[in-house]
Amino acid sequence: MKYYSTNNPQLTVDLETAVRQGLPADKGLYMPQTIPRLPAGFFSRLPGMTLPQIGFEVLRPYVQGGVPDEDLRLICEEAFTFPAPLSKLDRGLYSLELYHGPTLAFKDFGARFMARMLGYFNAHTQHQNTVLVATSGDTGSAVAHGFYAVENVNVVILYPQGKVSDLQERQMTTLGKNIHTLAVAGSFDDCQRLVKTAFVDEELVTALGLTSANSINIARLLPQMLYYFYAYGQVEDKQKPVVFSVPSGNYGNLTAGVLARRMGLPVAHFIAAANANAIVPAYLATGEFKPRPSVETISNAMDVGNPSNFVRLQALFGHSVAKFRAFVSGYSYSDDQTRETIAQAQQKYNYVLDPHGAIGCRALQAYKQGADVTGVFLETAHPVKFRQEVEAVTGKAIAVPAPIQETLHKDKLITQCGADYAAFKAQLWRLLS
Ligand SMILES: *Cc1c(COP(=O)(O)O)cnc(C)c1O
């Protein structure tokens, strides 16, 4: 399989190059040159398959020529070690719990797979890489844990100082070893700008072997398809059209869902569920894509003002607003509406939502008012990650899971950093020399 840049379909590279570079030199995003269709037999076997088995079959065509079958099978078994239960809240209303991995958020799927792919490529080539990531909260900890102690890879995580939760910060900063963290005096957009600038800084790219690990890396994106397949296999009522509601920020998760559909998954419709950063819902309403500075919300992993994966979605929909609208509906909710939804789910279903899942749930409920469908919303983070906010609404204590408890007695290892590029670059040299 070859991968092309969304800025220039003529520019194609192999998987290893796409994974190492993250971002093509022309600043587009890598996309697979073809989207293979899965055989009908795959879908009849689906309900009995495990996540690693699904991962192997879905990802196989995308790594062909780069990773042999036996190695891919092993990578899937090592990456997808935790369950993704489908909880039934009501008739035709399911929560796909993607938060049972080590950092309690769905980003574990992509981060763990990508780490093992890069580890695999480096083991065969004597390469050294530095993974550079900007995070608004959850990417950082997923990447840190995914790459922890992987040889020949350093990780540097940038996050906006004071704008991630204490638990999120603990999960990123208490590992040590090959994991470094920079607390940037600025916003998530500042972090993203620094990272994007670094990736076109030849000096840094060459000296450090820079690569990205946020949702723009193709090896993060592709494995996110597998839980759409898994959920579809588990849903009881497939007579009705199946709809997925995706709480979205940078739109990697939704892009993976649309890719899964193109591979043959019978999804009738997608819902782009946003917080106040409603860039894509606004695009669906007006036909105009207008990035804006991000605003802070209680669903902070979705506080993205210029979603990177929008260009991939456009490529998948042939740059047509009409096609985009035919498959995706947009909804956006305020923090108060998010809290209200958390409270209602507690009362009505005795189910604890986190703020991100709550937005997905509310959007799905709104969509279901006008369409008789089986709906699945993605629960992207464990509610304990937003403990204060959620407990304040439900009035009930959330038990702290073991992976979080372990971080509570460890020291945070943090380097502070200004939001201008020169200061950032100086810190980077210092950290890695
Ligand atoms: C990253 C994240 C999202 C947004 O996912 P995208 O792929 O960036 O759209 C939603 N919820 C949580 C908890 C996240 O960490």
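Residues numbered from 1 in each chain as written. Predicted model: local features only at pLDDT ≥ 70, side-chain atom pairs only at ≥ 80, totals over all residues. Heavy atoms only, no water.

Draft legend 1. Representation of the sheet that holds strand β4 (residues 86–90) within the structure. An order of β4-β5-β13-β10-β11-β12 is seen for the 6 strands of this open sheet, with the pairing classed as mixed. Across the chains shown, the open sheet's two edge strands, defined by having one partner strand only, are β4 and β12 (328–332). This sheet shows a mean twist of 25° between the axes of neighbouring strands, independent of strand direction. In this sheet, strand β5 (residues 93–97) lies alongside β4 in antiparallel orientation, the contact comprising 4 bridges. Residue pairing across strands places Leu86 opposite Leu96, the latter belonging to β5. Strand contacts of helix α11 (residues 226–234): β4, β5, β10 (242–247), β11 (267–274) and β13 (374–379), with the helix running at about 140° to β10, the strand carrying the most contacts. (Pairing = 2+ DSSP bridges. Helix = DSSP H or I, 4+ residues; strand = E, 2+ residues; numbered from the N terminus. Axes fitted to C-alpha atoms, helices over the stretch in contact; angles between N-to-C directions. Contact = heavy atoms within 4.5 Å.)

Draft legend 2. Expanded view of the packing of aromatic side chains. Tallied over the full model, the rule gives 19 aromatic pairs. When the centroid spacing of 5.7 Å and the interplanar angle of 65° are considered together, the rings of Tyr120 and Phe121 count as edge-to-face. Given a relative accessible area of 14%, Tyr120 falls into the buried group. Centroid distance Tyr283 to Phe310: 4.8 Å. Interplanar angle 80°. Geometry classified as edge-to-face. Here Tyr283, found in helix α13 (residues 279–286), pairs with Phe310, found in helix α14 (residues 310–316); they are 27 residues apart in sequence, far enough to count as distant. A cation over a ring is seen here: Arg73 above Phe56, with NZ or CZ 4.0 Å from the ring centre. When the ring centre of Tyr232 is taken as reference, the NZ or CZ atom of Lys238 above it lies at 5.2 Å. (Phe/Tyr/Trp six-rings, centres within 6.5 Å; stacked < 30°, edge-to-face > 60°. Buried < 20%, exposed > 50% of the residue type's maximum accessible area, 1.4 Å probe, protein only. Lys NZ or Arg CZ within 6 Å of the ring centre and 35° of its normal.)

Draft legend 3. Up close: the site of the ligand. Surrounding the ligand, one finds 15 residues, the nearest of these being Lys107, Gly249, Asn250, Tyr251 and Thr380. Gly252 is positioned such that a nitrogen or oxygen atom in its backbone is 3.1 Å from an oxygen atom of the ligand. One of the backbone N or O atoms of Asn253 is found 2.9 Å from an oxygen atom in the ligand. When isolated, the ligand has an accessible area of 380 Å², and the protein chains bury 98% of it. (Near = heavy atom within 4 Å. Polar contact = N/O pair within 3.5 Å; in protein donor to acceptor, adjacent residues only side chain to side chain. Areas by Shrake-Rupley, 256 points an atom, 1.4 Å probe, with all protein chains shown as cover.)

Draft legend 4. Structural detail: the environment of Pro102. Within the element layout of this structure, Pro102 appears in the loop between β5 and α5 (107–123). Separated by 302 residues in sequence, Pro102 and Ile404 place their C-alpha atoms 8.7 Å apart.

Draft legend 5. Representation of the side chain of Thr173 in the model. Note on placement: Thr173 falls in helix α7 (residues 166–173). A relative accessible area of 1% means that Thr173 is categorised as buried. Polar contacts involving the side chain of Thr173 include one to the main-chain carbonyl oxygen of Glu169, which spans 2.7 Å. What Thr173 contacts, discounting residues up to four positions off in sequence, is Tyr159, Thr181, Asp411, Lys412, Leu413 and Ile414.

Draft legend 6. Layout of the pairing of strand β2 (residues 8–14). Judged from the 4 bridges that link them, strand β1 (residues 2–5) and β2 form a sheet pairing that is antiparallel. If you follow Ser5 over to β2, its bridge partner there is Asn8. The loop that links β1 with its antiparallel partner β2 comprises 2 residues.

Draft legend 7. Summary view of the pattern of salt bridges. Using the criterion set out here, one finds 17 salt bridges in the structure. Note that Asp69 and Arg60 form a salt bridge whose closest N and O atoms lie 2.8 Å from each other. What makes Asp69 partly exposed here is its relative accessible area of 25%. Between Arg170 and Asp166 there is a salt bridge, and its shortest N-O distance comes to 3.2 Å. Of this pair, Arg170 and Asp166 both sit in helix α7, 4 residues apart, roughly one helical turn. (Salt bridge = Lys/Arg side-chain N within 4 Å of Asp/Glu carboxyl O.)

Draft legend 8. Representation of unusual backbone geometry in the model. Phi at Leu104 takes a positive value of approximately 60°, unusual for a residue other than glycine. Relative to the helices and strands, Leu104 is located in the loop between β5 and α5. On the basis of relative accessibility, which here comes to 4%, the residue Leu104 falls in the buried class. Backbone geometry at His319 places phi at a positive 55°, although glycine is not the residue there. As for its placement among the helices and strands, His319 is situated in the loop between α14 and α15 (321–327).

Draft legend 9. Representation of the environment of Arg20. On the secondary structure map, Arg20 appears in helix α1 (residues 15–21). Overall, Arg20 belongs to the buried group, its relative accessible area being 10%. Arg20 sits 142 residues away from Gly162 along the chain, and the two C-alpha atoms are 31 Å apart. Ignoring any residue separated from it by four or fewer positions in sequence, one finds Arg20 in contact with Leu118, Phe121, Asn122, Thr125, His127, Asn129, Leu210 and Thr211.

Draft legend 10. Representation of the nonpolar core in the model. Phe147, Met225, Tyr228, Phe229 and Phe244 are the most contacted members of the largest nonpolar core, which totals 96 residues. By residue number, the principal contributor to this core is α5, which donates 9 residues. If you look at the next biggest cluster of nonpolar residues, it comprises 30 residues, including Leu89, Val243, Ile342 and Ala381. (Core = buried A, V, L, I, M, F, W, Y, C linked by side-chain atoms within 4.5 Å.)

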